[in-house]
Amino acid sequence: MRRVLAALACLLLPAAASAAPAVTAQGGWFRYLLPQIPAGGFVTLTNAGDTAAVLTGASSPACGSAMLHRSLNRSGMDMMIDVNSITIPAHGTFRFAPGDYHIMCMKPRMTVGTTADVTLRFRNAPDLTVPFTVYGADGRPTGQ
Ligand SMILES: [Cu+2]
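Residues numbered from 1 in each chain as written. Predicted model: local features only at pLDDT ≥ 70, side-chain atom pairs only at ≥ 80, totals over all residues. Heavy atoms only, no water.

In the structure shown here, the tally under the stated rule is one salt bridge. In this structure, the salt-bridge partner of Asp100 is Arg70, at a minimum N-O distance of 3.1 Å. A residue pair is termed long-range when its members are at least 10 positions apart, and Asp100 in the loop between strand 7 (92-95) and strand 8 (101-105) and Arg70 in strand 4 (residues 66-74) qualify at 30 residues. Judged by relative accessible area, which is 26%, Asp100 ranks as partly exposed. On the accessibility criterion, Arg70 (29% relative accessible area) is partly exposed. (Salt bridge = Lys/Arg side-chain N within 4 Å of Asp/Glu carboxyl O. Helix = DSSP H or I, 4+ residues; strand = E, 2+ residues; numbered from the N terminus. Buried < 20%, exposed > 50% of the residue type's maximum accessible area, 1.4 Å probe, protein only.)

As structure tokens, this is what we get:
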């Protein structure tokens, strides 16, 4: 029996390890204006795994509720649309950025100069909690 289990482990473990998405986050930040105005959150996600990762949502105690949004300009009108999911390709990155994809923090309770934790939920990977640095109206000084 022990020999059978060992053989199974050899067969299964390498495949399971290489198939899993492995997502890390870099450079998370919020642009925060006023408590009455939703704050935009931005981050770069990197997937070192061999399988695409699917982000399905975000939450934060500093946001009330948080939503995945994309800013668009259609026929000269700026608008935002809800996004159901975002795919981070295998061995690829996905970048949230002002004027494009963002995490909309609906009721921000945060302070410029501190950080606010955001938990990212994936369809096929563990939750990832990321500290976002809070910047004011001028945004991130490096202009990410
Ligand atoms: Cu938005």
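We now examine the environment of Gln36. By secondary structure assignment, the location of Gln36 is in the loop between strand 1 (23-31) and strand 2 (39-47). Remark: the alpha-carbon pair of Gln36 and Lys107, spanning 71 residues in sequence, is separated by 6.7 Å.

Moving on: the coordination of the copper ion. Taken together, His69 (ND1), Met80 (SD), His102 (NE2) and Met104 (SD) make up the full set of protein donors to the copper ion, lying 2.1 to 2.2 Å away. Around the copper ion sit four donor atoms, and with donor-metal-donor angles ranging over 94 to 118° the site reads as tetrahedral. For the copper ion, the donor residues sit on a single chain with the sequence spacing H-x10-M-x21-H-x1-M. (Donors = N, O, S within 2.8 Å, 3.2 Å for Na, K, Ca; no water. Tetrahedral: all angles 85-135°; square planar, octahedral: opposite > 155°, others 65-115°.)

Let's shift gears to the packing of aromatic side chains. Inspection of the entire model under this criterion finds five aromatic pairs. Both rings, one in Phe94 and one in Phe96, keep their centres 5.3 Å apart while their planes meet at 75°; by these two values the pair is edge-to-face. The exposure class of Phe94 is buried, given its relative accessible area of 14%. The class of Phe96 is buried, set by a relative accessible area of 1%. Each member of the aromatic cluster is reached from another via a ring pair, and the members are Trp29, Phe42 and Tyr135. (Phe/Tyr/Trp six-rings, centres within 6.5 Å; stacked < 30°, edge-to-face > 60°.)

Let us look at a nonpolar patch on the surface. On the surface, Leu33, Leu34 and Ile37 cluster together into a nonpolar patch covering about 240 Å² of accessible area. By relative accessible area, which is 44% here, Leu34 ends up partly exposed. (Patch = residues over 30% accessible without salt bridge, like charges linked within 9 Å, V, L, I, M, F, W, Y side chains within 5 Å. Areas by Shrake-Rupley, 256 points an atom, 1.4 Å probe, with all protein chains shown as cover.)

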